[in-house]
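Structure assessment
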Amino acid sequence: MTDVAAKDSLTVTDNRTGQQYDIAINDNTIAATDLGQIRLTDDEPGLATYDPGFVNTASCRSAVTFIDGDKGILEYRGYPIEQLAEKSNFLEVAYLLVHGALPSKEEYDAWVHEITYHTFVHENVKGFMHGFRYDAHPMGMLMASVGALSTFYPDARNISDADNRHMQIVRMIAKMPTLGAWSFRHAQGKPFVYPDNDLGYTANFLSMLFKMSEQKFEADPRLVKALDVLFILHADHEQNCSTNAVRSVGSSQVDPYSAVAAGVGALYGPLHGGANEAVLRMLKRIGSKENIPAFIEGVKDGNERLMGFGHRVYKNFDPRATIIKKACDDVFEVTGVNPLLEIAKELEKIALEDEYFVKRKLYPNVDFYSGLIYEAFQFPPEMFTVLFAIGRTPGWLAQWAELVQDKDQKIARPKQIYTGDRELTFTAASERWK
Ligand code: CMC
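Residues numbered from 1 in each chain as written. Predicted model: local features only at pLDDT ≥ 70, side-chain atom pairs only at ≥ 80, totals over all residues. Heavy atoms only, no water.

Some remarks on the overall build of the protein
Within the protein one finds 18 helices and six strands. Looking at the protein as a whole, 47% of its 434 residues qualify as buried. Restricting to contacts in the protein with at least 6 residues of sequence separation, those with at least 24 account for 70%. Accessible area for the protein stands at about 22100 Å²; split by element, carbon and sulfur atoms hold 52% of it. Each charge sign in the protein was given a centre, from 45 positive and 58 negative side chains, and these centres are 4 Å apart. (Helix = DSSP H or I, 4+ residues; strand = E, 2+ residues; numbered from the N terminus. Buried < 20%, exposed > 50% of the residue type's maximum accessible area, 1.4 Å probe, protein only. Contact = heavy atoms within 4.5 Å. Areas by Shrake-Rupley, 256 points an atom, 1.4 Å probe, with all protein chains shown as cover. Lys, Arg positive; Asp, Glu negative; His and termini not counted. Charge placed at Lys NZ, Arg CZ, Asp CG, Glu CD.)

Re the sheet that holds strand 3 (residues 29-30)
If you walk across this open sheet you meet the three strands as 1-2-3, and the pairing is antiparallel. The two strands at the open ends of the sheet, each matched to only one other strand, are strand 1 (9-14) and strand 3. Relative to strand 2 (residues 19-26), strand 1 is paired through six bridges, and the arrangement is antiparallel. Bridging from a neighbouring strand, valine 12 pairs with tyrosine 21 of strand 2. (Pairing = 2+ DSSP bridges.)

So, the nonpolar core
Ranked by internal contacts, the top residues of the largest apolar core, which has 118 residues, are Tyr76, Trp111, Ile173, Met282, Leu306 and Leu347. Here this core takes twelve residues from helix 17 (residues 384-405), the largest share from any one element. Two domains each provide a minimum of three residues to this core, namely domain 1 (72-269 + 395-404) and domain 2 (275-376). Ignoring anything within four residues of it in the chain, the contact list for methionine 282 reads Phe295, Arg305, Leu306, Met307, Leu347 and Phe368. (Core = buried A, V, L, I, M, F, W, Y, C linked by side-chain atoms within 4.5 Å. Domains from an automatic or database assignment.)

What to know about the sheet that holds strand 4 (residues 65-68)
Strand order in the open sheet formed by three strands is 4-5-6, and the pairing between neighbours is antiparallel. Here the strands that pair on one side only, and so sit at the sheet edges, are strand 4 and strand 6 (79-80). Judged from the two bridges that link them, strand 5 (residues 73-76) and strand 6 form a sheet pairing that is antiparallel. In the strand pairing of strand 6, tyrosine 76 is matched with tyrosine 79.

Details of the pairing of strand 5
Burial along strand 5 is one-sided: the face carrying Leu74 and Tyr76 is buried and the face carrying Ile73 and Glu75 is not. Sheet analysis places strand 4 next to strand 5, joined by four bridges and oriented antiparallel. If you follow threonine 65 over to strand 5, its bridge partner there is tyrosine 76. The antiparallel hairpin formed by strand 4 and strand 5 contains four residues in its connecting segment, where glycine 72 sits at a positive phi of about 70 degrees. Remark: two residues form the turn of the hairpin made by strand 5 and strand 6, two consecutive strands paired antiparallel; arginine 77 in that turn has positive phi of roughly 50 degrees.

Note that all results are geometric; they support no functional claim without further evidence.
This is the structure we're talking about:
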């Protein structure tokens with residue numbers, strides 16, 4: 001121990017040995033490896049931290065997204081989500097996330113052009129998409145097809161080359177709507193629709209989803225705008241489960257398609273992006289306002305969770321939920337009100353006044369209302385998380401690019417606390433089963 005501990009440090013005493021240690025504090029964190037010096041004897045492993053789910057562990061330094069969960073603040077590259085949702089568009093936000101700054105007019109035009117002209121996928125993609133069962137979940141199809149893109153672009157393995165990284169980022173943002181739309185069409189037994197490069201990103205996606213025999217499919221601009229806003233709201237959310245999956249898999253230096261496929265897999269789960277699908281199913285199951293009190297009692301008894309409520313980081317409100325609630329009005333103006341909205345609003349009201357939810361700081365999250373909008377678009381619930389994945393792609397890629405350029409990063413490899421048996425003596429099956 002030094003005589004005078006530096007101000008930005010932590011002095012800890014190991015009561016097992018009486019030894020004191022000074023550990024530097026940087027950015028309100030201590031380096032976990034610094035705890036390694038705290039040990040009982042020289043030949044024993046040093047102290048480690050135990051943190052299932054990374055509840056209080058920073059895994060990286062990142063300049064992509066800032067969240068203050070207590071204040072309900074979300075910023076991409078420093079810009080508040082409310083301003084981006086109101087004044088920007090998804091491709092500009094994608095540029096911002098990936099490049100770290102807003103584009104000039106020339107940069108923006110070049111970016112839109114690049115993305116637009118990479119929306120087509122190799123014809124063989126159609127072939128393997130047809131191979132899925134008629135009732136395949138579109139998230140499973142998306143996960144598999146994003147991973148399969150790595151076989152079409154073997155050059156993507158060259159992750160240390162900046163131009164190469166850029167190429168894969170463009171390809172993935174561009175092709176995600178095509179893959180998402182085709183997984184939807186497959187489930188419907190409808191022919192795949194090729195991208196229409198005269199349309200903007202989100203309008204083109206809607207065309208690939210819903211176009212039938214008409215020459216051109218042009219969605220209502222209010223719906224295009226609402227979906228574009230939803231993509232913006234989902235574009236990044238710092239070190240959430242799927243981004244952590246992308247980073248963790250990416251830390252092995254695999255190509256970005258494989259890393260993003262891992263992110264799609266993580267997003268699929270009901271505690272993450274799959275929650276919007278679960279919310280819709282929950283609202284349908286509740287069926288009418290009279291059934292809400294009994295449902296809430298079941299949640300409080302621990303029978304199930306109120307899906308679309310609660311967040312690891314937001315403990316006051318989820319700013320995305322506030323914006324989505326407003327977007328609901330814009331969409332329902334075009335489509336007519338979703339009758340489940342009444343149940344959702346009443347459920348929210350009752351939960352927000354209930355001691356159980358208040359005490360645990362459980363508020364509606366991004367998924368509580370987004371499913372209602374998606375349903376108004378006539379998406380089946382299985383498609384909801386696909387929409388989330390399309391929105392999240394620029395964020396995954398911005399985080400992946402940051403990871404591969406970060407000199408501090410290593411292959412992800414957490415420690416464990418081993419709880420199993422040791423040093424047993426093996427007896428061959430022929431002996432044990434006599
Ligand atoms: N309904 C009922 N109780 C809940 C809920 C909920 N939705 N969420 C948390 N709790 C309770 C939980 O039972 C626990 O109670 P107790 O202290 O008595 O054991 C307490 O609140 C803390 O919960 P936790 O599970 O320790 O919190 P977490 O930070 O690990 O989990 C969460 C966060 C989002 C997974 C969780 O709130 C949840 O399961 N919510 C429902 C699923 C959902 O809406 N997910 C979407 C998240 S936002 C979009 C995204 O990330 O994809």
